[in-house]
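Residue strings, one per chain:
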Amino acid sequence: MESGTPPPEQSPPSGPQAPPPQAPPYTPIPDGPETPPSGWQQPPVAQAGWEGRPLASWGSRVGASLLDWLILLIPVTALIVLVVVVALSSDVGGIATGIVSGLLYLLVLLFYAPVLMGRAGEHNGQTWGKQIVGIRVVRDNAVPVDFGFGFLREFVVKGLLFGFVGGWFFSIPTLLDYLWPLWDDQNRCLHDMVVSTHVVRV
């Protein structure tokens, strides 16, 4: 073999060729926080319980209150009749019956609204009067009304704060509380503002 002779050309190997290596595809880095794995998504923020619902009018609220008082008159009438009947037969029995009946009615006054408003389902936030009229109390944080919150709203704030304490000031706070929806843009009473509630039509 003579020196300086170029080597013979080699034929390319037979069979499929492996593709040349490629750079990994570019993945942009998001500006915000990364999406959590497994398809988890941020839970939606609860909307206010009254937004998008028609607000109850002042007249419907007054009507519901009157109906509730009429409903509460039924046990009062029954207790009065019972006391009179017992007192006709025994003075001591009449006094004892009157005391027990008074205590029972006080319990009815305390728990009537909280128990009914704390019901689950479609009647949550409704007394029987509100249920007849077609209105209900909703909390601004969209949490259902329970017994504790109903007791706070109906007895502590409405009964004690605006009713009992307001009576010391010639009942002016009580009157303002009931009339406030007439000029409030969201038809709220003062006790609604204290406990963050609205009254809406069902």
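Here is what the cut-offs are and how they apply
- Residues numbered from 1 in each chain as written.
- Predicted model: local features only at pLDDT ≥ 70, side-chain atom pairs only at ≥ 80, totals over all residues.
- Heavy atoms only, no water.
- Phe/Tyr/Trp six-rings, centres within 6.5 Å; stacked < 30°, edge-to-face > 60°.
- Helix = DSSP H or I, 4+ residues; strand = E, 2+ residues; numbered from the N terminus.
- Buried < 20%, exposed > 50% of the residue type's maximum accessible area, 1.4 Å probe, protein only.
- Core = buried A, V, L, I, M, F, W, Y, C linked by side-chain atoms within 4.5 Å.
- Contact = heavy atoms within 4.5 Å.
- Axes fitted to C-alpha atoms, helices over the stretch in contact; angles between N-to-C directions.
- Parallel < 35°, antiparallel > 145°, perpendicular 65-115°, else oblique.
- Left-handed = near helix turned anticlockwise from the far one by under 90°.
- Nonpolar A, V, L, I, M, F, W, Y, C, P; charged D, E, K, R; others polar.

Asks: Got a minute to help me understand the packing of aromatic side chains in this structure?
Replies: The way to describe two aromatic rings as a pair is by their centre distance and the angle between their planes. Taken as a whole, this structure holds seven aromatic pairs when the rule is applied. Judged by centre distance (5.8 Å) and plane angle (20 degrees), the ring pair of Phe111 and Phe147 falls under stacked. Note that Phe111 is positioned in helix H2 (residues 91-117) and Phe147 in helix H4 (residues 147-167), a separation of 36 residues in sequence. Classification of Phe111 by relative accessible area gives partly exposed; the value is 34%. For Phe147, a relative accessible area of 37% translates into the label partly exposed.

Asks: So what exactly am I meant to see when it comes to the nonpolar core here?
Replies: A general tendency of soluble globular proteins is for nonpolar side chains to be buried together. Counting 19 residues, the largest nonpolar core has Tyr105, Tyr112, Met117, Ile135 and Val199 as its most contacted members. Those elements that provide at least two residues to this core are helix H1 (58-89), H2, strand E1 (135-139), H4 and helix H6 (190-195). A total of five residues in this core trace back to one element, the largest contributor, which is H2. Leave out the neighbours within four places in its chain, and Met117 touches Asn124, Gly125, Gln126, Thr127, Val137, Val145, Arg153 and Glu154.

Asks: I would appreciate a short explanation of the packing of H1 against H2 in the present structure.
Replies: Packed helix pairs are specified by the crossing angle of their axes together with the interaxial distance, meaning the distance between the axes. Put simply, H1 and H2 touch, their axes get as near as 8 Å, and they point 165 degrees apart. On the basis of their axis angle, the class for H1 and H2 is roughly antiparallel. H2 is crossed by H1, and the crossing has right-handed handedness. Residue-level contacts link Asp68, Trp69, Ile71, Leu72, Pro75, Val76, Leu79, Leu82, Val83, Val86 and Ala87 of H1 to Asp91, Gly93, Gly94, Thr97, Gly98, Ser101, Tyr105, Val108, Leu109 and Tyr112 of H2. The residue inventory of the contact of H1 with H2, partitioned by class, reads 14 nonpolar, five polar and two charged.

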